[in-house]
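Topology and contacts: notes
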Amino acid sequence: MAIANKPAQFFAMTCLNPPFRPLPLVLVPFLLVFTDPSLGARLGDQNSDELVDRVCRGSDDYYFCVSTLNSDHRTPNADLVGLAQISVDVTTKDLTSTYNYIEVLLKKTTDPRMKRDLGQCSGFYDTARNATLDASKAVARKDFAEVVTDAQLVGAAVGDCQDVFRAENPPLASPLKEQNQNAIDLATIVNSAANLLRGSH
């Protein structure tokens, strides 16, 4: 998420021209860190397309993000909290699908090293999936800082899965390269939505 180029001016504008629902001063540092200067308009007043655009501009892959969020039937009527929940749900579904795929590969492979690496990835994906389940609960209780932490945990766990195939020479070709990238991109959508919410509450 972009940081305001002129924090002092932003702070002055915020104090002199507060939004419809003034925020406690203790939240000003969060606004400076997690929002850009254009967040003067209340997020609740934006339509779903504008909210999707704002969330996706904070993700790693804008077009993947837009496609992902718009593929869910709930998106047209979702507010920012709703988009956060959608992103968590989609990520959980994706992680579960990959976890199940890993289990299939484990049953098929006869190569000891590949079996070992896939076994490690199974554990990493289980960790990531549990993190999104925690994130879903955190969205419900509006603990968006926890959602950010959970999204970062997903990215780290999936990154660890990708790294195990490169841990020894010669490196193995990862059979999960595409799945890992998708999971990491999804985690950045969750992270972006949660950061916006963290900066507006």
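Look a little higher up for the structure.
Keep in mind that this is a model prediction, so the values were computed, not measured.

**What to know about the overall build of the protein**
- A tally of regular secondary structure across the protein gives eight helices and zero strands.
- Within the protein, the fraction of its 201 residues that count as buried is 43%.
- Taking all contacts inside the protein whose residues are at least 6 apart in sequence as the whole, residues at least 24 apart take part in 70%.
- Summed over its atoms, the accessible surface of the protein is roughly 10700 Å², and 56% of this surface lies on carbon and sulfur atoms.

**A few points about the nonpolar core**
- Membership of the largest hydrophobic core comes to 27 residues, with the highest contact counts inside it found for Val 55, Leu 69, Leu 83 and Val 147.
- The set of elements that each furnish at least two residues to this core consists of α3 (48-56), α4 (62-70), α5 (80-108), α6 (112-140), α7 (144-164) and α8 (177-200).
- Of all the elements, α8 adds the most residues to this core, at seven residues.
- Residues within four places of Leu 69 in sequence aside, it is in contact with Val 52, Val 55, Cys 56, Thr 75, Leu 83, Ile 86, Ser 87 and Ile 189.
- Counting residues in hydrophobic clusters, the runner-up holds 20 residues, among them Ile 102, Leu 118, Cys 121 and Cys 161.

Cut-off values and rules
Residues numbered from 1 in each chain as written. Predicted model: local features only at pLDDT ≥ 70, side-chain atom pairs only at ≥ 80, totals over all residues. Heavy atoms only, no water. Helix = DSSP H or I, 4+ residues; strand = E, 2+ residues; numbered from the N terminus. Buried < 20%, exposed > 50% of the residue type's maximum accessible area, 1.4 Å probe, protein only. Contact = heavy atoms within 4.5 Å. Areas by Shrake-Rupley, 256 points an atom, 1.4 Å probe, with all protein chains shown as cover. Core = buried A, V, L, I, M, F, W, Y, C linked by side-chain atoms within 4.5 Å.

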